[in-house]
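# Chains, contacts and geometry: an overview
Now for the letters of each chain:
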Amino acid sequence: MKMKFLLLIGLLAVLAAGLATQREYGSLKPYETTAAYENISWATADEQGAQYAIADSKRTLYKTNPDGELVYALPSNVERRPGTIRLYNSVTADGDGNAYVLVTLLDSFGLKVLGERILQVSPDGKEQRILYEADYDPSDNLLRVGKLQSLAVRDGMLYFFRKETSAAVLLRVPAAPFVTSATRGGPAPG
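Residues numbered from 1 in each chain as written. Predicted model: local features only at pLDDT ≥ 70, side-chain atom pairs only at ≥ 80, totals over all residues. Heavy atoms only, no water.

With respect to the helices and strands, Ala 99 occurs in strand β6 (residues 99-107). A relative accessible area of 0% places Ala 99 in the buried class. When the C-alpha positions of Ala 99 and Ala 45 are compared, they lie 9.9 Å apart, and in sequence the two are 54 residues distant. Once residues within four sequence positions are removed from consideration, Ala 99 is found in contact with Tyr 52, Tyr 72, Val 91, Thr 92, Ala 93, Leu 119, Gln 120 and Val 121. (Helix = DSSP H or I, 4+ residues; strand = E, 2+ residues; numbered from the N terminus. Buried < 20%, exposed > 50% of the residue type's maximum accessible area, 1.4 Å probe, protein only. Contact = heavy atoms within 4.5 Å.)

Quick look at the structure:
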């Protein structure tokens, strides 16, 4: 009986050690603070030194803090419509750590642009909201690149250009920060 108990304790110890070394391979990866970037297409930094990169063939938005630790990796296929492909095209950031990313919605073949969205991402990457969206008619014949370009944040406003056939229009939308209990003056979430 004593031998079976010791064997069971030893087996549990080996199993626990194996699980502890493999914890980063879980679906949520709570301890992962690094990521390998492949096929980087866009990169920028904010005033605090955090870095933002669009990588993995325009399918992932990465944010790292000034120490180089991964804050979030946001895949582009979140909330996508059936039969479409979502790709990130450009990113900028404000002084509060919010990212503003241009999302292009393509047909299932990845050729024709069906629409574009400008998505605001909270500093921790847990919240996103659409600030601007444009849907296009197939007769516009936009291939891989839409009409929106050159995202920039200044004085609480997000500026960007919309290309038309014979002109470009400068547009702006409010770039209001995400409201949390800490910014409302209440207790910080714990």
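Further remarks concern a nonpolar patch on the surface. On the surface, a nonpolar cluster with roughly 600 Å² of combined accessible area is contributed by Phe 5, Leu 6, Leu 8, Ile 9, Leu 12 and Leu 15. Looking at the secondary structure, you find Ile 9 in helix α1 (residues 2-21). With a relative accessible area of 43%, Ile 9 lands in the partly exposed category. (Patch = residues over 30% accessible without salt bridge, like charges linked within 9 Å, V, L, I, M, F, W, Y side chains within 5 Å. Areas by Shrake-Rupley, 256 points an atom, 1.4 Å probe, with all protein chains shown as cover. Salt bridge = Lys/Arg side-chain N within 4 Å of Asp/Glu carboxyl O.)

On to the sheet that holds strand β5 (residues 84-93). Ordered in space as β5-β6-β7-β8, the 4 strands form an open sheet in which the pairing is antiparallel. Because the sheet does not close on itself, it has two edges, and the strands there are β5 and β8 (128-135). Averaged over neighbouring strand pairs, the angle between their axes works out to 20° when direction is ignored. Here β6 runs beside strand β7 (residues 113-121); their pairing, made up of 8 bridges, is antiparallel. Paired with Val 101 across the strands is Leu 119, a residue of β7. (Pairing = 2+ DSSP bridges. Axes fitted to C-alpha atoms, helices over the stretch in contact; angles between N-to-C directions.)

Most of strand β3 (residues 60-64) is tucked away, with 5 of its 5 residues classed as buried. Of the two faces of β3, both are covered, the one formed by Thr 60, Tyr 62 and Thr 64 as well as the one formed by Leu 61 and Lys 63. The sheet contact formed by strand β2 (residues 51-55) and β3 spans 5 bridges and is antiparallel. Across the sheet, residue Ile 54 finds its bridge partner in β3, namely Leu 61. Between β2 and β3, which pair antiparallel and follow one another directly, the connecting turn spans 4 residues, one of which, Asp 56, has a positive phi of 55°. The hairpin turn running from β3 into strand β4 (residues 70-75), its antiparallel successor, is 5 residues long, and Gly 68 in that turn takes a positive phi close to 90°.

Within a sheet, each strand pairs with its neighbour through backbone hydrogen bonds, oriented either parallel or antiparallel. Taken together, 3 strands build an open sheet; the order of strands is β9-β10-β11 and the sheet is antiparallel. Each end of this open sheet is capped by a strand with a single partner; those strands are β9 (148-154) and β11 (168-174). Here the average twist between neighbouring strands, direction ignored, is 20°. Sheet topology places strand β10 (residues 157-163) next to β11; 7 bridges connect them, and they run antiparallel. Each residue of the ladder has a partner; that of Phe 160, found in β11, is Leu 171.

Evaluated as defined, the whole model comprises 4 salt bridges. Of the charged contacts, one joins Lys 147 and Glu 164 as a salt bridge, the two residues approaching to 3.7 Å between their closest N and O atoms. Of the two residues, Lys 147 sits in the loop between β8 and β9 while Glu 164 sits in the loop between β10 and β11, which places them 17 residues apart along the sequence. Taking the relative accessible area as the measure of exposure, Glu 164 reaches 34% and is therefore partly exposed. Between Arg 162 and Glu 164 there is a salt bridge, with its nearest N and O atoms 2.8 Å apart. On the basis of relative accessibility, which here comes to 17%, the residue Arg 162 falls in the buried class. If you follow the salt bridges from partner to partner, you end up with Arg 117, Glu 133 and Asp 135 in one network.

Nothing here speaks to function; it is geometry throughout.
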